[in-house]
Number of protein chains: 2
Amino acid sequence: MQFTLEDISDEEIARRRSVYEPLTDSVRQLIDAVIRTEVDDDVITQARTRIDELVADLRAEQMDGPYGVRYTPEFVGMPWGNAVVGLRNAIAPPLHTRHDGDEVSAEFTLGAAYEGPAGHVHGGICAMVLDHVLGEGASIDNVPCYTGTISVRYLRPTPLGPLTARASIVAREGRKKTVRGTLADAGGITVEAEGVFIEPRNWAGRMPRAADHYRPDVPD
Amino acid sequence: MQFTLEDISDEEIARRRSVYEPLTDSVRQLIDAVIRTEVDDDVITQARTRIDELVADLRAEQMDGPYGVRYTPEFVGMPWGNAVVGLRNAIAPPLHTRHDGDEVSAEFTLGAAYEGPAGHVHGGICAMVLDHVLGEGASIDNVPCYTGTISVRYLRPTPLGPLTARASIVAREGRKKTVRGTLADAGGITVEAEGVFIEPRNWAGRMPRAADHYRPDVPD
């Protein structure tokens, strides 16, 4: 389980968040607009040139590889590049998970960018969200886990729009945790999932709080 | 299973593809740059303003809802908004699936935007890709299917970089098809998946060729 220490203050984290979160939200709007736009070709072509200029400006200084999983001296997680919860990742809806007792939950809205069947969420996106929420549920006691297996059962198509995902641990056996979760719209549950998560043997480290379910690079 | 007819010629499809595909690829670069940039705050703030201007220009004329699943008079599928394969969807890697005999496969590369554990693909992204490839494998005989269940088994963490996904039908029983698939890097298989897919009862329609595995809105 690789975490990178960002030796910065809470104030600096708040400052960075205030700069990157709006930028990423604007890119999410752009993704949606590119799918749905009906403007003339010349506007599209100009838009592409303007985006390429933006990319060049942003890449003038950049980290070599991916963002990684970072944490602060106060051991607060900063998974800002994460594909599901990352505040700097425009692919992420993003999910803002809540921990209430034993349950992890998230309320979020999925638009055109998450479509599979017409007007509905891609089944793979449902699986992606549930994998993440179940993984976070497995680590709710701050002992990290890696995913062994996850099974997803589609009860009915999930419409695009506001959704809720929930997960909690239903059984423990040694280093093994079984977690169950659901995805639901206003009409009830659309997808169910169950996962088996394994704690690394001899886990001695600490893990950042919040969104801190990352699987170890080596099982144990 | 909802498909929308786009009554346009192959030439018009090729023209649209030549306009939208480069635009979407540029947005994919932007997503990566936003995760990895280290430029000063003022450049970030200006970038956000420029993106908002782009969004406004593209939204000047746009479709009301999501893209949907379209097909041509020649019954070629145009799932251009799809979250996994859509050429107008910057969230999609995108996957370009190949059908060889009974097998569906796709070679693709996942970068920083698909990260979960540091340097590795988010487990939910692995599940998303496998859900899609298995679904397409289930429909390889051009009879559409909806997903009943999918089980994903993580053998080891999947590194970011070039990957291959494969799927094929391993059993049929009435309207039920069992499909197995794998995700692999250069070192071999990292994730295995098995799914049960169901053909709609009394399916009388035709379905577009290619990326045509979309689940029906009503099972039967």
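Residues numbered from 1 in each chain as written. Chains lettered and ligands numbered in written order. Predicted model: local features only at pLDDT ≥ 70, side-chain atom pairs only at ≥ 80, totals over all residues. Heavy atoms only, no water.

Quite often, the size of an interface is put as the accessible area lost when its parts meet. Contact with chain B, which involves 84 residues of that partner, is made by 84 residues of chain A. Carbon and sulfur atoms make up 60% of the surface buried where chain B meets chain A, a total of about 7900 Å² over both sides. Our enumeration of links across chain B and chain A arrives at six salt bridges. Between D57 of chain B and R50 of chain A there is a salt bridge, with the nearest N and O atoms lying 2.8 Å from each other. Counting across the interface, chain B meets chain A through 49 residue pairs in polar contact (both at pLDDT 80 or more). At the level of elements, α1 (10–36), α2 (41–58), α3 (123–138) and β6 (146–154) of chain B are the ones that each hand at least two residues to the side of chain B that touches chain A. The element that contributes the greatest number of residues to the side of chain B that touches chain A is α1 of chain B, accounting for 16 residues. For the side of chain B that touches chain A, a count of residues per class yields 42 nonpolar, 23 polar and 19 charged. Of the strand pairs in this sheet, strand β6 (residues 146–154) of chain A and β6 of chain B are connected by five bridges, and their pairing is antiparallel. (Contact = heavy atoms within 4.5 Å. Buried area = accessible area lost by both parts, 1.4 Å probe. Salt bridge = Lys/Arg side-chain N within 4 Å of Asp/Glu carboxyl O. Polar contact = N/O pair within 3.5 Å; in protein donor to acceptor, adjacent residues only side chain to side chain. Helix = DSSP H or I, 4+ residues; strand = E, 2+ residues; numbered from the N terminus. Nonpolar A, V, L, I, M, F, W, Y, C, P; charged D, E, K, R; others polar. Pairing = 2+ DSSP bridges.)

This part takes up the environment of E194 of chain A. Residue and element names in this part refer to chain A. Here E194 is to be found in strand β9 (residues 188–198). It is 22 Å that separates the C-alpha atoms of E194 and H120, two residues lying 74 residues apart in sequence. Ignoring sequence-local partners within four residues, the contact set of E194 consists of L134, T149, I150, S151, T178, V179 and R180.

Attention now goes to the relation of the copies chain B and chain A. Copy one and copy two of the chain differ by a rotation about a common axis and a shift along it. Overlaying chain B with chain A gives an RMSD of 0.0 Å, the required rotation being 180° about an axis along which the chain moves by 0.0 Å. Such a combination of rotation and displacement between the chain copies is what one expects of a two-fold axis. When C-alpha positions in chain B are compared against the rotation axis, the closest is assigned to S151 of chain B, at 2.0 Å. (Least-squares fit on C-alpha atoms with pLDDT ≥ 70 in both.)

This part covers the sheet that holds strand β1 (residues 4–5) of chain B. All names here are of chain B. Spatially, three strands are ordered β1-β2-β3 in an open sheet, and the strand pairing comes out mixed. The outermost strands of the open sheet, each flanked by one partner alone, are β1 and β3 (77–78). Relative to β3, strand β2 (residues 70–71) is paired through two bridges, and the arrangement is antiparallel. Bridge pairing in β3 links Y71 to G77.

Moving on: the pattern of salt bridges. Pairing of side chains with opposite charge becomes possible as their charged atoms draw close. Residue and element names in this part refer to chain B. With the rule as written, the count across this model stands at 34 salt bridges over all chains. Between R48 and D52 there is a salt bridge, with its nearest N and O atoms 3.7 Å apart. Within this pair, R48 and its partner D52 are both found in helix α2, separated by four residues, close to a single helical turn. Residue R48 is classed as partly exposed on the basis of its relative accessible area, which comes to 36%. (Buried < 20%, exposed > 50% of the residue type's maximum accessible area, 1.4 Å probe, protein only.)

Next up on the list: α3 of chain B. Under the 1.5 Å per step criterion, the end-to-end length of α3 of chain B is 22 Å for 16 residues, consistent within 8% with the ideal 22 Å. Of all 16 residues in α3 of chain B, 16 are buried; the element is thus mostly enclosed. (Expected span 1.5 Å × (residues − 1).)

Next up on the list: the sheet that holds strand β2 (residues 70–71) of chain A. The mixed open sheet is built from three strands, whose spatial order is β1-β2-β3 (chain A). Two strands lie at the open edges of the sheet, namely β1 (4–5) and β3 (77–78) of chain A, each paired on one side alone.

So, about α2 of chain B. If you check α2 of chain B, its first and last C-alpha atoms are 26 Å apart, about what 18 residues at 1.5 Å a residue would give, namely 26 Å. Within α2 of chain B, burial applies to I44, A47, I51, L54, V55 and L58 of chain B. The buried residues of α2 of chain B occupy an angular sector of 100° when the element is viewed end-on, so they sit on one face. In this fold, the buried residues of α2 of chain B make contact with α1 (10–36) and α2 (41–58) of chain A together with α1 of chain B. (Arc of directions from axis to C-beta.)

Looking now at the domain arrangement of chain A. Residues and elements named next belong to chain A. As assigned here, chain A comprises domain 1 (1–93) and domain 2 (95–200). Computed over C-alpha atoms only, the centres of domain 1 and domain 2 are separated by 24 Å. Between domain 1 and domain 2, the contact holds 13 residues from the first and nine residues from the second. Both sides of the domain 1 and domain 2 interface together cover about 900 Å² of buried area, and 71% of this is carbon and sulfur. On inspection of domain 1 and its partner domain 2, the count reaches zero salt bridges. Across the contact surface, domain 1 and domain 2 share two residue pairs in polar contact (both at pLDDT 80 or more). Considering only residue class, the side of domain 1 that touches domain 2 consists of nine nonpolar, one polar and three charged. (Domains from an automatic or database assignment.)

Further remarks concern the pairing of strand β5 (residues 103–110) of chain B. For a regular strand, side chains alternate in direction, first toward one face of the sheet and then toward the other. Residue and element names in this part refer to chain B. The sheet contact formed by strand β4 (residues 98–100) and β5 spans three bridges and is antiparallel. Bridge pairing links H99 to V104 in β5. Following β4, the chain reverses through two residues before pairing antiparallel with β5; G101 in that reversal takes a positive phi of roughly 60°. Summarising the sheet, β5 and strand β7 (residues 161–173) pair through eight bridges and their orientation is antiparallel. Bridge pairing links F108 to L163 in β7.

Counting residues in hydrophobic clusters, the biggest one holds 122 residues, and the most contacted among them are L30 and I31 of chain A together with L30 and I31 of chain B. Once residues within four sequence positions are removed from consideration, L30 of chain B is found in contact with V27, L30, I51, L54, V55 and L58 of chain A together with I51 of chain B. (Core = buried A, V, L, I, M, F, W, Y, C linked by side-chain atoms within 4.5 Å.)

In this section: the confidence of the model for chain A. Mean pLDDT for chain A: 90, with 90% of residues reaching 70 or above. Across the predicted assembly, pTM comes out at 0.92 and ipTM at 0.91. (pLDDT = per-residue confidence, 0-100.)

On to the side chain of S26 of chain B. Counting through the fold element by element, S26 of chain B comes out in helix α1. A relative accessible area of 4% places S26 of chain B in the buried class. Look past the residues within four positions of S26 of chain B in its chain and what remains in contact with it is R48, I51, D52 and V55 of chain A.

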